[in-house]
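Architecture and fold: a report
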Amino acid sequence: MTCQDYKDLMMAYLDNELDNQQRLAFEEHLASCPTCAKELKEFEKLKHLTDSVTLVEPEDRIWEQYWNNVYNRVERGLGWILFSVAAILLTIYGGFELIEEIIRDQTVGTLLKVALLALIAGLAILYVSVLRERVYFWKKDRYKDVRR
Amino acid sequence: MDSFCEDETIAMWGCHSSSKEMFEAIVKKHMKDAYFIALGLVGNHEDALELSQEAFCRAYRNIKQLSSEGKFFPWFYQILRNLCFSHLRKRKVRQASSLDGFEQDKIEAEVHHNFDPEVVAERNEYKDRVWKAIGRLDDKHREVIILRHFQNLSYEEISKILFCNRGTVTSRLYYARKRLKEILDREGPHPAGTQKGGQH
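Nothing here was measured: the structure is a model prediction, and the numbers come from that model. (Residues numbered from 1 in each chain as written. Chains lettered and ligands numbered in written order. Predicted model: local features only at pLDDT ≥ 70, side-chain atom pairs only at ≥ 80, totals over all residues. Heavy atoms only, no water.)

On to the packing of helix H1 (residues 3-14) of chain A against helix H3 (residues 34-52) of chain A. In a pair of packed helices, the angle between the axes and the distance between the axes together describe the arrangement. Residues and elements named next belong to chain A. Axis separation between H1 and H3 bottoms out at 11 Å; the angle between their running directions is 30 degrees. Regarding the angle of H1 to H3, the classification is roughly parallel. In this structure, the crossing between H1 and H3 has a hand that is right-handed. For the pair H1 and H3, the contacting residues are Cys 3, Lys 7, Met 10, Met 11, Tyr 13 and Leu 14 in the first and Cys 36, Glu 39, Leu 40, Phe 43, Glu 44 and Lys 47 in the second. Counted by class, the contact of H1 with H3 contains 8 nonpolar, no polar and 4 charged residues. (Axes fitted to C-alpha atoms, helices over the stretch in contact; angles between N-to-C directions. Helix = DSSP H or I, 4+ residues; strand = E, 2+ residues; numbered from the N terminus. Parallel < 35°, antiparallel > 145°, perpendicular 65-115°, else oblique. Left-handed = near helix turned anticlockwise from the far one by under 90°. Contact = heavy atoms within 4.5 Å. Nonpolar A, V, L, I, M, F, W, Y, C, P; charged D, E, K, R; others polar.)

Moving on to H1(A). Compared with the 16 Å implied by 1.5 Å per residue over 12 residues, the 16 Å span of H1(A) between its first and last C-alpha is a close match. Considered for burial, the residues of H1(A) that qualify are A:Tyr6, A:Lys7, A:Leu9, A:Met10, A:Met11, A:Ala12 and A:Leu14. For H1(A), the secondary structure elements touched by its buried residues are helix H2 (20-32) and H3 of chain A together with helix H8 (155-161) and helix H9 (166-186) of chain B. One or two residues past the end of H1(A) sits A:Asn16, with phi positive at roughly 55 degrees. (Expected span 1.5 Å × (residues − 1). Buried < 20%, exposed > 50% of the residue type's maximum accessible area, 1.4 Å probe, protein only.)

Right, let's talk about the interface of chain B and chain A for a bit. With 56 residues of chain B at the contact, the number on the chain A side is 36 residues. Carbon and sulfur atoms make up 66% of the surface buried where chain B meets chain A, a total of about 4,400 Å² over both sides. On the chain B side of the interface with chain A, the three residues burying the most area are B:Gln53, B:Tyr174 and B:Arg177, jointly 15% of the side's total. Connecting chain B to chain A are 8 salt bridges. Residue A:Glu17 is joined to B:Arg166 by a salt bridge in which the shortest nitrogen-to-oxygen separation is 3.3 Å. One can count 18 residue pairs in polar contact (both at pLDDT 80 or more) joining chain B with chain A. Elements supplying a minimum of two residues to the side of chain B that touches chain A: helix H2 (20-42), helix H3 (45-62), helix H4 (72-98), helix H6 (125-135), helix H7 (139-150) and H9 of chain B. A total of 11 residues in the side of chain B that touches chain A trace back to one element, the largest contributor, which is H2(B). (Buried area = accessible area lost by both parts, 1.4 Å probe. Salt bridge = Lys/Arg side-chain N within 4 Å of Asp/Glu carboxyl O. Polar contact = N/O pair within 3.5 Å; in protein donor to acceptor, adjacent residues only side chain to side chain.)

So, about the environment of B:Arg186. Residues and elements named next belong to chain B. Turning to its location among the elements, Arg 186 is positioned in helix H9. Residue Arg 186 is classed as exposed on the basis of its relative accessible area, which comes to 54%. With residues near it in sequence (within four places) discarded, Arg 186 still touches Arg 136 and Arg 179.

What follows concerns the pattern of salt bridges. Residues and elements named next belong to chain B. Taken as a whole and judged by the stated rule, the model has 24 salt bridges over all chains. Across the salt bridge formed by Arg 58 and Glu 54, the nearest N and O atoms sit 3.0 Å from each other. With a gap of 4 residues between them, Arg 58 and Glu 54 both fall in helix H3, about one helical turn apart. For Glu 54, a relative accessible area of 16% gives the class buried.

Residues A:Tyr66, B:Phe23, B:Phe56, B:Phe72 and B:Phe76 are the most contacted members of the largest nonpolar core, which totals 82 residues. With 12 residues, the top contributor of residues to this core is H2(B). With residues near it in sequence (within four places) discarded, B:Phe23 still touches A:Trp67, B:Phe56, B:Ala59, B:Tyr60, B:Ile63 and B:Phe72. (Core = buried A, V, L, I, M, F, W, Y, C linked by side-chain atoms within 4.5 Å.)

Next up on the list: a nonpolar patch on the surface. Taken together, the side chains of A:Tyr127, A:Val128, A:Leu131 and A:Val135 make up a nonpolar region of the molecular surface, amounting to roughly 390 Å² of accessible area. By relative accessible area, which is 44% here, A:Leu131 ends up partly exposed. (Patch = residues over 30% accessible without salt bridge, like charges linked within 9 Å, V, L, I, M, F, W, Y side chains within 5 Å. Areas by Shrake-Rupley, 256 points an atom, 1.4 Å probe, with all protein chains shown as cover.)

Next up on the list: unusual backbone geometry. Within the chain, A:Asn16 stands out as a residue other than glycine whose phi angle is a positive 55 degrees. Structurally, A:Asn16 is set in the loop between H1 and H2. Look at A:Asn16 and you get exposed, because its relative accessible area is 65%. Even without glycine at this site, B:Asn152 takes up a positive phi of about 55 degrees. Inspection of the secondary structure assignment puts B:Asn152 in the loop between H7 and H8. Take B:Asn152: its relative accessible area is 59%, and that puts it in the exposed class.

On to the confidence of the model for chain B. Residues and elements named next belong to chain B. Across chain B, the average pLDDT comes to 82, with 76% of residues at or above 70. Of the regions scoring below 50 in pLDDT, residues 194-200 engages in 14 contacts with residues more than four places distant in sequence or in other chains. What the predictor reports for the complex is a pTM of 0.76 with an ipTM of 0.78. (pLDDT = per-residue confidence, 0-100.)

All names here are of chain B. Considering the arrangement of structural elements, one finds His 87 in helix H4. Its relative accessible area of 18% is what places His 87 among the buried residues. For His 87, the contacting residues outside a window of four places in its chain are Val 42, Asp 47 and Leu 51.

On to the packing of aromatic side chains, then. By the definition in use, this model includes 20 aromatic pairs over all chains. A ring pair is formed by A:Tyr13 and A:Phe26, whose centres lie 4.8 Å apart and whose planes are at 45 degrees; its orientation type is tilted. With A:Tyr13 in helix H1 and A:Phe26 in helix H2, the pair connects residues that are 13 residues apart, well separated along the chain. Residue class for A:Phe26 comes out buried when judged on its relative accessible area of 0%. For the pair A:Trp67 and A:Tyr71, a centre-to-centre distance of 5.7 Å together with 35 degrees between the ring planes defines the contact as tilted. In this pair, A:Trp67 and A:Tyr71 both sit in helix H4 (residues 60-104), 4 residues apart, roughly one turn of the helix. The positively charged end of B:Lys20 is found above the aromatic ring belonging to A:Tyr71, 4.3 Å away from the centroid. Above the face of the A:Phe43 ring, B:Lys181 is positioned so that its terminal group lies 5.7 Å from the ring centre. (Phe/Tyr/Trp six-rings, centres within 6.5 Å; stacked < 30°, edge-to-face > 60°. Lys NZ or Arg CZ within 6 Å of the ring centre and 35° of its normal.)

Structural data, given as C-alpha cells:
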C-alpha cells in the first residue's frame, strides 16, 4: 500500500472508524512513515479544535412554536394556491365577459375591437409557446423520474 | 443524538395519509437536527430556522413521493440540503449583483460573512475563526464536516443520508479537513498549530 492509500485510512483512524486489523496495519505504517505520522498529528489537532466548537441552543420558545410555524406555512401555502387558481379563473371569466360586451357594443369603434382581438390572439400565442417549451424540456429532463 | 438514519419508515409512522398528528410527531422528533444541520450549512440562526421549517413544509406536501418502506430522515435531508444550497446560490448571485464590478474574492467574503459567530457557544477568538473557516469551505466539504463534527454521525450514517459509499465519505472528509487546515493556516497561527512554525 502507498501513503495515498493510507491517507484514506487516516480519516477513519482519526474518527475511530477502523476495525482492529485495519487499525493495527495503519499504526504499523505510522511507525515507519514520519510524513503520515506528522500529518495525522496535525489532523488530530484540527479535529480537537473543530470538536471544541459547539453551537448555541435556541431558546425553548423557538421549539415550542416550531411545529405551529411549519403548520401555518403548510396551511398558508394551500390558501395561496386556492386563491391564485380562483383569481386566475375569475380574471379569465371577467376578461371574456368584458371583451364580449365590447365586441357586441355597436358604439365601440372597429379599431378598438381589432386591437382587442389582436391582444387576445397575442396572449394565446404566448401561452401556447411557453407551454410547448415547458413540455419539451419536461420530456427531455433526465431527472424527472428520480425518486429518493 | 439518536441515529436518525435508523429512524422509522413512513409505514411505521402510519402517516402516508399525510395526517397532521403523525407529521407533527415527525417534525417534533427531527426539528432540532434539521435546524442544526441548516445552521451548519447556511451559517446563521434566522436563515437556518426559516429553511428548516420550509423543508418540513415541502416534505409534508410531497410525503406521498416517499415509498412506505422509505426512511423519512434521509429523504427529508435531501430536501433540506437542496434548499440550503439553493439559498446560498441565490445569496451569492444577489451579492454578486450588488457588488457589480468587484472581484470574486470580495463576493466570496461577503457570502461567508453570513457565517455569524454569534451562534457559537462559549465563544473565543479561535472558535470564531474555526466557524468562519467552515463557512469558507465548499458546500460538499462543509456538509461532511457538519455531519461528522456537529451531528456526530458515523461514516455509515453519513453515507446513508448522502446516498454515497463509505469511501466517498472518507475521501470527502480528508479533503474537507485539509482545506479547513489550509484556510486556518492562511489566516495566521491557531491553537491547532497546524501552520508550519505557527505556535500558540
